[in-house]
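# Summary of the model geometry
Listed here are the chains, written in short residue letters.
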Amino acid sequence: MKQISGSGWRSAKPRPFVAVFCTVLIRGLLMTAFPATALADWQALAMTDKPVATADGLMLPDGDAALTITVINDAVIRVRYTDKRKLALDRSFAVLPQKPYQGKLSVDVGSNTSTVRTPALRVVVQHQPLRLEFFDRDGRSLDQDDAEQGMARSAEVFRVAKRLRDDEQVYGFGEKTGRLNKRGMGLGGYHYTMWNSDTYGYDMSIDPLYVSVPFYLVLREGRAHGIFLDNSFRSSFDVGRDSRNRLSFGAEGGELNYYFIHGPHPKDVVARYTELTGRMPMPPRWALGFHQSRWSYYPEARVRLLADTFRSKRIPADTLWLDIDYLDGFKPFAWNREYFPDPAGMIRDLRQQGFRVVTIVDAHPKKEVGYRPYDEGIAGNHFVKNPDGSVFEGPVWPANAKKNPGNSVFPDFTRAATRAWWGGLHQELLEQGVAGIWNDMNEPAVWIPPSNTMPLNVRHENDGAPTDQREIHNVYGLLHTRATFEGLQRLRPELRPFVLTRASFAGGQRYAAVWPGDNTADWSSLRQSLPMLMGMGLSGFSFVGTDIGGFAGYPSPELFTRWLQAAVFAPFMRAHTEQATPDQEPWSFGAQHEAINRRAIELRYELLPQIYKVMEEASRTGVPALRPLFLEFPTDPQTWSRDDQFLFGADLLVAPVIVEGVSQRDIYLPAGDWFDYWTGALQRGGQTIRVPVSLSSLPIYVRAGAFVFHQPVVQHTGEMAGLPLQVDIYPASDSHGEWYEDDGESLAYQRGEQSRRTFRQQRDRHATTLTISASEGRYRPAARQLDLLLVGEHAGKRVLVNGKLLAQQAPNAPASVGPHWTQTERGLLIRLADDAKAMQISIQH
Ligand code: GLC
């Protein structure tokens, strides 16, 4: 182990292989890259004894510590440096328990280097100084420790430096401001910190925000790998900013503990990262509808008026949100009975109008004797403690109450018993009919300047491994949502929980959707929302959406409309605004905007079948619904830094208008054929097109060969049963699309109550053949029609269904009840009864 002190390198146990010129060089370089405060203590990791091959990798001893290389699976390798005595103490807030590796592993221990090999990867460990390099099966170097700096640590902190090539693009890091591609403009690079922070009204330059995901993905020549630093302490990542060809990361405590994740496709990396840290559970269908929120809707009469207005104006919506003013003195779980005398009655009535209600539940019960969460929490030893054992308290919303303001206390969510208790507190809300829970202020936000959070020395029991806020801070939100999610699961075992959170950490996607907090009502925040949501999706968080219109301040009518249009394809679509702003509902900006806003929300509901099935794919594979272009076109350099447009699923390219007052917009279409969603017109890809736009424009292009599933407009998801399933088939010589549905709210899909079908088209000069597979799974929708539209098909003369001639109906004939086909302006429409059986349809020319 080598040390740097004020007087130069000192070796605890001098090693003959350390050349003096080398140590001086390393010292100089460490001084430039690593924090000056800890400079005196920096030690480069070194090997002190012979490496040892283990059952699943390699161990390289460094005095009392060891660097272990562990094969998790063929494509994922863990690197960990820890005190040998702690090797068996292995806990993670983010990583799920993994099955022991069963594959083919070989380990060679050599004199200067050792090698660990899986069928997909090779890791070469240079012994002196310790350096790692990861290669793919073909011998291509994927990731390499920086030759000069490699890995170093002091008593408390560590840092890893990796080589960063000019042709490497870097993405991820979860909820971050800045461009999608973290190499920045002209390889300027970004420096990010992971420390969950309450950042009201943030702008593009602010970091860190509310969520920490120490994960990034590197793309080089179309091939990708990822690195996940599994450490919840404050950490930081420097992407070529300190030094253009170096990417370094480190944490201020805890273990050096990261996972190398192989691709080569970027989707493989995201899939494997979410195999490690978990995936978004399947959301209830209503949560994919439109949500209307503000701080705050109260009293009851205002909430009812809101509901009535949506329905009378025929603007679809599923969910109304109650912010902190529904509470008595801002105390979690205590209704303000003056504003809401009969919550259950109100919620029942709203439900009849097709609305669900979500209520906010912050992580800070008030310190008040006689208030149940406080009394029970004290009795059950549930609150975070000061170092002297007293209960920690601090001001948050209850300190702002008009009557009887006071401090709050904070559940110690690191205790299983506390999570179970907290989860149980939701019982009454659920009995009153509340459909979902909104967890906020869980960074945790505590109004103690200057940190605006708990002191770093407060104690968390952590189920047998007591620790302090330095380790728990970044996972406090994740554990809060875990308590909520598991509580809802226990209290309503048949229904899918819906939880929204502001703070979280890697892996938090297992428990909650995330919105990136208190953004600002300005154009740059709208533009920023695209790369931010894409970055979150790449980092495991698929169910995300920003406050439509912006939280801080107030949008112009145009900004609100543009934000709403862009959010049609945000997985989570909610309008929200801060306290005391003017009304911010879809109808609040004049008649012209009302009509355009209605149309945007209608589009969301028309496309819900597609949105639902893409979200199902995200929950099953981890590949996000909202995708940067490079995720589908990784070898096309034009996609690498594109972050003003995105894909929803694999097939819809969305280029919302996000600049004020423009009358045209440039759109990049990757290689292949694309169809204008609105007109059906063909556009050749591999080029940037310029299209005229008006206030009502939301440019969408559909990939050739796509099957787009939609339905007629509904006012809420409760109206979907029995409506026709409409499938638009965009031409290609041979392509297929997957269909998925289930009951939309229960967990029965996990027991086979689902329906999966494959739709395929094959075309030649004489005919187009559609093959629809029989439904896999037991779920059967209510009887309905299946409308198949062959977009752009005008040559059909005869249509056969399973070999039998289908009746033709003249265009514009009155609606027919029986199965038939007809020619429409957009293409050939086939209308059949939807049954679960396999069918083959032949359209002959
Ligand atoms: C926080 C939330 C915001 C909410 C407000 C009041 O600022 O981020 O969404 O409206 O608190 O609860």
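Below is a short write-up of the structure. (Residues numbered from 1 in each chain as written. Predicted model: local features only at pLDDT ≥ 70, side-chain atom pairs only at ≥ 80, totals over all residues. Heavy atoms only, no water.)

### Concerning the nonpolar core
Phe290, Phe498 and Phe569 are the most contacted members of the largest nonpolar core, which totals 164 residues. For this core, the leading source of residues is helix α10 (residues 523-538), giving eight residues. The residues touching Phe569, leaving out its near neighbours within four places in the chain, are Leu603, Arg604, Leu607, Leu626, Phe646, Phe648, Leu652, Val654, Leu698 and Ile700. Judged by nonpolar contacts, the second largest core, of 43 residues, contains Ala120, Leu142, Tyr216 and Leu256. (Core = buried A, V, L, I, M, F, W, Y, C linked by side-chain atoms within 4.5 Å. Buried < 20%, exposed > 50% of the residue type's maximum accessible area, 1.4 Å probe, protein only. Helix = DSSP H or I, 4+ residues; strand = E, 2+ residues; numbered from the N terminus. Contact = heavy atoms within 4.5 Å.)

### Points about unusual backbone geometry
Following Glu443, the chain continues to Pro444 via a peptide bond in cis, the omega torsion being -5 degrees. Position of Pro444 among the secondary structure elements: in the loop between β28 (436-439) and β29 (459-460). In this structure, the amide linkage connecting Pro449 to the following residue, Pro450, adopts the cis form with an omega of 0 degrees. Here the phi dihedral of Asn452 falls at roughly 65 degrees; this positive angle occurs in a residue that is not glycine. Tracing the chain through its elements places Asn452 in the loop between β28 and β29. Among the residues examined, Asn452 registers a relative accessible area of 26% and is labelled partly exposed.

### A look at the pairing of strand β12 (residues 141-144)
Strand direction decides the pairing type here: strand β11 (residues 131-136) and β12, joined by three bridges, are antiparallel. What sits directly across from Glu133, in β12, is Gln144. In this structure, the hairpin formed by β11 and β12 is closed by a connection of four residues, where Gly139 is found at a positive phi of approximately 85 degrees. (Pairing = 2+ DSSP bridges.)

### Here we look at the pattern of salt bridges
For the coordinates displayed, the defined rule picks out 57 salt bridges. Notably, a salt bridge pairs Asp143 with Lys162, separated by 2.7 Å at the nearest N-O pair. With a gap of 19 residues between them, Asp143 in strand β12 and Lys162 in strand β14 (residues 158-163) connect regions that are remote in the sequence. Judged by its relative accessible area of 5%, Asp143 falls in the buried class. Put simply, Arg302 and Asp583 hold a salt bridge, and the shortest N to O gap is 3.6 Å. Here the residue Arg302 occupies a position in helix α3 (residues 300-312), and Asp583 occupies one in the loop between β35 (573-575) and α12 (591-606), the gap between them amounting to 281 residues. Judged by its relative accessible area of 40%, Asp583 falls in the partly exposed class. (Salt bridge = Lys/Arg side-chain N within 4 Å of Asp/Glu carboxyl O.)

### As for the site of the ligand
Neighbouring the ligand are the residues Trp295, Asp323, Ile324, Ile360, Trp397, Trp438, Asp440, Arg502, Trp515, Asp518, Phe551 and His576. At a separation of 2.8 Å, an oxygen atom of the ligand approaches a polar side-chain atom of Arg502. A distance of 2.9 Å is found between an oxygen atom of the ligand and a side-chain nitrogen or oxygen belonging to His576. Within the complex, 97% of the 300 Å² of free accessible area of the ligand lies under protein. Across the shell around the ligand, the residue classes break down as seven nonpolar, one polar and four charged. (Near = heavy atom within 4 Å. Polar contact = N/O pair within 3.5 Å; in protein donor to acceptor, adjacent residues only side chain to side chain. Areas by Shrake-Rupley, 256 points an atom, 1.4 Å probe, with all protein chains shown as cover. Nonpolar A, V, L, I, M, F, W, Y, C, P; charged D, E, K, R; others polar.)

### What about the environment of Val791?
Looking at where Val791 falls in the secondary structure, it is placed in strand β49 (residues 785-791). Accessibility expressed as a relative area gives 2% for Val791, which makes it buried. With residues near it in sequence (within four places) discarded, Val791 still touches Gly680, Asp728, Ile729, Tyr730, Pro731 and Arg826.

### A closer look at the packing of α10 against helix α11 (residues 557-567)
Contact pair α10 / α11: the axes reach a minimum separation of 10 Å and the direction vectors enclose 5 degrees. Classified by the angle between their axes, α10 and α11 sit roughly parallel to one another. Note on element contacts: α11 touches α10 through Glu558, Leu559, Arg562, Trp563 and Ala566, opposite Trp523, Ser525, Leu526 and Ser529. Class assignment of the residues belonging to the contact of α10 with α11 gives a composition of five nonpolar, two polar and two charged. (Axes fitted to C-alpha atoms, helices over the stretch in contact; angles between N-to-C directions. Parallel < 35°, antiparallel > 145°, perpendicular 65-115°, else oblique.)

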